[in-house]
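If you want the building blocks of each chain, they are given just below.
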Amino acid sequence: MTGKCYLIFVLAFISIAARSQSSKITLSGLVTDAENKTPLSFVNIVLKSAKDSAFVTGTITSENGRFTIPDINSGNYLLSCSFSGYQSNTKTILVGKLSNFLDLGNIMLVKDVQSLSVVTVTGKQETISSKMDKKTFALSANISQAGGSVLEAMKNLPGVTVGDDRKIQLRGSDKVMILIDDKQTALTGFGSQSGLDNIPASAIERIEIITNPSSRYDANGNAGIINIIYKKEKKEGLNGKIGIVGGLGALRMKKENYPTIRSQYQGTPKINPSISLNYRKNKVNFFFQGDDLYTKTLNKNEFADRFYDNGDTIRQQTKRNRNTNIITTKAGADWYMNSRNTFTISGLFSSEKILDHGDEPFFDYKLSNRKRLWQFLEDELKTTATGSITWQHKFTQPGRLLNAGFNYTYHRENEKYFFTNILPSYTGLDSFKLLSDEHVGDFSIDYTQPLKYGRFETGFKFRRRYIPVNMQFKPGLHSPLDTSAGGQADYSETIPALYGNYVFENNYLEVEAGVRLEYVRVEYDVNPLHPVYQSDSYHYIEPFPNMRVSYKINERNKISVFYNRRVDRPNEVDIRIFPKYDDAEIIKVGNPELRPQFTNTVELAYKTNWNKGYFSSSLYHKRTNGTITRIGSIVPGNSLIYNIFQNAGKSYNSGIELMYSQNISKAIVVGLNLNGYKNSIDSFTVFNKYPVANVFSADRQEIFSGNIKFNSSFKLPAQTEAQLVAIYQAPDLIPQGKVYSRFSIDAGLKKIIQKGKAELYVNATDIAGTLRYKKEITGNGFRYTSTDYLETQVFRVGYNYKF
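Residues numbered from 1 in each chain as written. Predicted model: local features only at pLDDT ≥ 70, side-chain atom pairs only at ≥ 80, totals over all residues. Heavy atoms only, no water.

1. Thoughts on the overall build of the protein
Next up, step 1: A tally of helices and strands in the protein yields two helices and 45 strands.
Next up, step 2: For 803 residues, the compact-globule estimate of 2.2 N^0.38 gives 28 Å, and the C-alpha radius of gyration of the protein, at 29 Å, lies within 12% of that figure.
Next up, step 3: Across its three principal directions, the C-alpha atoms of the protein cover 110 × 60 × 60 Å.
Next up, step 4: Relative to its full complement of 803 residues, the protein shows a buried share of 56%.
Next up, step 5: Carbon together with sulfur atoms contributes 57% to the accessible area of the protein, which is approximately 33100 Å² in total. (Helix = DSSP H or I, 4+ residues; strand = E, 2+ residues; numbered from the N terminus. Rg over C-alpha atoms; globule rule 2.2 N^0.38 Å. Buried < 20%, exposed > 50% of the residue type's maximum accessible area, 1.4 Å probe, protein only. Areas by Shrake-Rupley, 256 points an atom, 1.4 Å probe, with all protein chains shown as cover.)

Structure, rendered in structure tokens:
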């Protein structure tokens, strides 16, 4: 697409926006005597519609003169205060769209004197309809992915795609911060995402996608934040939900194996029983969720052809049959000590057992001569335990809140690899063991002050993170392992942060502005005998501002401008000094000299909606300094490729995101999500130290890419629903190369049974079996292309029962 066509495309669609949803607001105020300023008790408070003076609700003031009116929709109202011996006071009230709690301030009543004034109050809960920075999706509506993992469920959400490394992407970037119930945990990764394929979707209530976070969130994650909210009821008595899901994957072989290796997994079973319980009595609420997810999976089936400048060609297959069993439990209790103080204590435990049986043959170009067969068994146990305690204090003024909490996370990776290196002249047996213990403590305190025209938020957070890692190699005959690169390495991270965020709104204008100030110190102490890398550290103190300015054209149309600055710090695994040999000849290595990347983002958004549908559009531009990516290089005289993390200089991401939804009828809803963008990486030169010093340079690269997602849902007779989702991802740019296009279709059917207490569903992912991941890479002295025919087609049947 030319620049001129791209501009026309942008102008043609810039008038598209997100659907409004109504949310409930709580109004509060204080009524006093105008003369002596004393509070007035038992004053009648009446709220009426400004349009026709129809009665909406009413209350009276308490003994201290305060009143509260909950559950008010946004709109224009008349608030009347009347009391015997005083002149009634009627005020015009505008309930806006930015705050959950609105303080009307001090309303004075005078004797024998009429008083009429106008008060403008705004507010609405932060949702997709108010600020266009967050979208919320209930997983119960995602029929086509019910019974799978959170990763599988999210790929069907608007604006979300999944890369070839099984990471979530927002607008083409995997730099996404993952939260669980508003907190970072080792289960989903600190600094970089992980583990989403291991969380059963059955345990999740909803998912929030935040593309323009405010300063109250941690500053990492330039693409945005995904907040995973676990199920939790608060009904009186005992209630809950039980479920069971079964399925089969890899029902047909996409591509046959190369000769002489063990067979691929086919007809892979999946089973996931789950239970959710809640018991509330008086002031205490107990909750529990439990899942056991067992799967067999053809986790990887990649065919790669490597071409070297000296004329050599190597063809290889990397096949990984995986057995996984994940047990996850979450439990806790809420104690409503009184009307103003609530304590919550909760814990999460996850145990993930992984067994990988891998085969990696290496052939000449004609597949007539097998040069080598690399077989491996990976035996890994991941254990995660988190505990948190929070306290919330509600002041007399509604909406004025103080929250304090402490969260501790422990995560152990106990990973063992056993290799069989088969060559024509000998067979070698090698192994290594990695043990990593991650400890993270977070303390935070947050304060919210409601105002007449919005609210003010401020807070403090302190994090201490420590990860000791030990890698031990056990070489066999003629071992290809770099045994000198093992030993001990300790990672430590200290981050204190302060933030302030102000929200303002009147009839036409909304402003949200804030800044987060973070000090970061990272230290990495490595084995002093390591042949290449040495201990390293870095620190910085940086501001991370955010701003949103919105102009309300009318009730259905709004235009907004966003700006924020964010950071992506290298995670511990990104700087690990140990080579990883699950691919024997394309080896991944960390880099302790890696530094953070900083991103500035600007966005223009416009929205409009009507009774049966909505359009939305966002025009965005990101500029990143110190782009973090893997760079592949070879050592002269050696065919091994080493993929090492580096800071590749400046990169840019500019594009437009469009969303459309329409109720065609009472039974049919269709949705379309389009995201088109241009990815660019400036020319750069990096210096690789491992295994020997070498330099890599690349010219400027750019590509137009994007994705299209079509979603349709149908309400059928007999309480039955259906869903069809089609996803297309265009070719995209990666350093040293590109990834090719991908396409898939998912579908699901759900029926409500047993008088509404239960549901039965069936679904299928990648129905046509078209999804595969192809990429090409070019480096100094080599190039290679690869296509991964991993398992993507899964059929499931599930049952849920509520009680």
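2. Description of the pattern of salt bridges
Next up, step 1: Under the counting rule described, the total for this entry stands at 43 salt bridges.
Next up, step 2: One salt bridge connects Asp-582 with Arg-320, and the closest N-O pair in it is separated by 3.5 Å. With Asp-582 in the loop between strand E27 (557-568) and strand E28 (586-589) and Arg-320 in strand E18 (residues 313-336), the pair connects residues that are 262 residues apart, well separated along the chain.
Next up, step 3: Residue Arg-320 is classed as buried on the basis of its relative accessible area of 10%.
Next up, step 4: Residues Lys-689 and Glu-593 are paired through a salt bridge, measuring 2.4 Å at the closest nitrogen-oxygen approach. In this pair, Lys-689 is assigned in the loop between strand E35 (684-688) and strand E36 (694-698) and Glu-593 in the loop between E28 and strand E29 (597-610), connecting sequence segments 96 residues apart.
Next up, step 5: By relative accessible area, Lys-689 is classed as partly exposed at 31%.
Next up, step 6: Through salt bridges that share partners, Asp-218, Asp-442, Lys-461, Arg-463, Arg-516, Glu-518 and Arg-569 make up one connected network. (Salt bridge = Lys/Arg side-chain N within 4 Å of Asp/Glu carboxyl O.)

3. A short note on a nonpolar patch on the surface
Next up, step 1: A grouping of Ile-345, Ile-389, Phe-406, Tyr-408, Phe-443, Ile-445 and Phe-462 is seen on the molecular surface, where their side chains present a nonpolar patch of about 590 Å² in accessible area.
Next up, step 2: Put simply, the parts of the chain that give the nonpolar patch at least two residues each are strand E21 (401-422) and strand E22 (427-451).
Next up, step 3: Here Phe-443 lies in strand E22.
Next up, step 4: Residue classification places Phe-443 among the partly exposed positions, given a relative accessible area of 37%. (Patch = residues over 30% accessible without salt bridge, like charges linked within 9 Å, V, L, I, M, F, W, Y side chains within 5 Å.)

4. As for the side chain of Asp-682
Next up, step 1: By the secondary structure assignment, Asp-682 is in the loop between strand E34 (668-681) and E35.
Next up, step 2: A distance of 3.0 Å separates polar atoms of two side chains, one belonging to Asp-682 and the other to Tyr-652.
Next up, step 3: A distance of 2.4 Å separates a polar atom in the side chain of Asp-682 from a polar atom in the side chain of Arg-700.
Next up, step 4: Not counting the four nearest positions on each side in its chain, Asp-682 is found in contact with Lys-650, Tyr-652 and Arg-700. (Polar contact = N/O pair within 3.5 Å; in protein donor to acceptor, adjacent residues only side chain to side chain. Contact = heavy atoms within 4.5 Å.)

5. Some thoughts on the environment of Ile-69
Next up, step 1: Mapped onto the elements, Ile-69 comes out in strand E4 (residues 66-72).
Next up, step 2: Between the C-alpha atoms of Ile-69 and Gly-58, which are eleven residues apart in sequence, the distance is 7.4 Å.
Next up, step 3: Excluding residues within four positions of it along the chain, Ile-69 makes contact with Ile-25, Thr-26, Leu-27, Ile-45, Thr-57, Thr-59 and Leu-79.

6. Observations concerning the sheet that holds strand E13 (residues 204-210)
Next up, step 1: Spatially, E9-E13-E14-E12 is the arrangement adopted by the four strands of the open sheet, whose pairing is mixed. Edge strands, defined here as strands with exactly one partner in the open sheet, are strand E9 (134-138) and strand E12 (176-180). Averaged over all pairs of adjacent strands, the angle between their axes in this sheet comes to 15°, without regard to strand direction. (Pairing = 2+ DSSP bridges. Axes fitted to C-alpha atoms, helices over the stretch in contact; angles between N-to-C directions.)

7. Some thoughts on empty space enclosed by the protein
Next up, step 1: Counted by the stated rule, this structure contains eleven cavities of 30 Å³ or more.
Next up, step 2: Of the pockets and cavities examined, the second largest cavity occupies roughly 120 Å³.
Next up, step 3: If you go around the second largest cavity, you meet 16 residues; those closest to its centre are Ala-250, Arg-252, Lys-254, Leu-790 and Glu-791.
Next up, step 4: Looking at the lining of the second largest cavity residue by residue, the class counts come to seven nonpolar, six polar and three charged. (1 Å grid on protein atoms, 1.4 Å probe; cavity = no way out; pocket = protein on both sides within 12 Å on 5 of 7 lines; lining within 4 Å. Points joined across faces, edges and corners; volume = space filled by probe spheres on them. Nonpolar A, V, L, I, M, F, W, Y, C, P; charged D, E, K, R; others polar.)

8. A look at the nonpolar core
Next up, step 1: The biggest cluster of nonpolar side chains holds 50 residues, and the ones touching the most others in it are Trp-374 and Tyr-642.
Next up, step 2: Not counting residues up to four positions away in its chain, the partners in contact with Tyr-642 are Ile-587, Val-589, Ile-631, Gly-632, Ser-633, Val-635, Tyr-690 and Pro-691.
Next up, step 3: If you look at the next biggest cluster of nonpolar residues, it comprises 27 residues, including Val-150, Val-160, Val-162 and Leu-170. (Core = buried A, V, L, I, M, F, W, Y, C linked by side-chain atoms within 4.5 Å.)

9. With respect to the sheet that holds strand E7 (residues 101-109)
Next up, step 1: The sheet built from three strands is open, its strands ordered E4-E1-E7 with mixed pairing. Two strands in the sheet have a free side with no partner beyond their single neighbour: E4 and E7. Along the sheet, successive strands turn relative to each other by an average axial angle of 20°, direction set aside.

10. Some words on the confidence of the model for the protein
Next up, step 1: Taken over all residues, the pLDDT of the protein has a mean of 87, while the share at 70 or more is 94%.
Next up, step 2: Every residue in residues 1-22 is under pLDDT 50, and counting partners more than four places away or in other chains gives 57 contacts.
Next up, step 3: Note on residues 113-130: pLDDT under 50 across the span, and 82 contacts to partners over four residues away in sequence or across chains. (pLDDT = per-residue confidence, 0-100.)

11. Examining the environment of Phe-286
Next up, step 1: Here Phe-286 lies in strand E17 (residues 284-308).
Next up, step 2: Taking the C-alpha atoms as reference points, Phe-286 and Tyr-466, 180 residues apart in sequence, are found 32 Å from one another.
Next up, step 3: Ignoring anything within four residues of it in the chain, the contact list for Phe-286 reads Leu-277, Asn-278, Tyr-279, Gly-332 and Ala-333.

12. Observations regarding the packing of aromatic side chains
Next up, step 1: Using the criterion set out here, one finds 24 aromatic pairs in the structure.
Next up, step 2: A ring pair is formed by Tyr-417 and Phe-419, whose centres lie 5.5 Å apart and whose planes are at 15°; its orientation type is stacked. Phe-419 shares its class with Tyr-417; the two are buried.
Next up, step 3: With a centroid separation of 5.2 Å and an interplanar angle of 50°, the aromatic rings of Trp-610 and Phe-615 are classed as tilted. (Phe/Tyr/Trp six-rings, centres within 6.5 Å; stacked < 30°, edge-to-face > 60°.)

13. Focus: the pairing of strand E32 (residues 641-647)
Next up, step 1: The buried fraction of E32 is high, at six of seven residues.
Next up, step 2: Relative to E32, E28 is paired through four bridges, and the arrangement is parallel. Looking across to E32, one finds that Ile-587 is bridged to Tyr-642.
Next up, step 3: Of the pairings in the sheet, the one linking strand E31 (residues 628-634) to E32 comprises seven bridges and is antiparallel in character. The residue of E32 that forms the bridge with Gly-632 is Asn-643.
Next up, step 4: Linking E31 to E32, which pair antiparallel, is a turn of six residues; within it Gly-637 sits at a positive phi near 85°.

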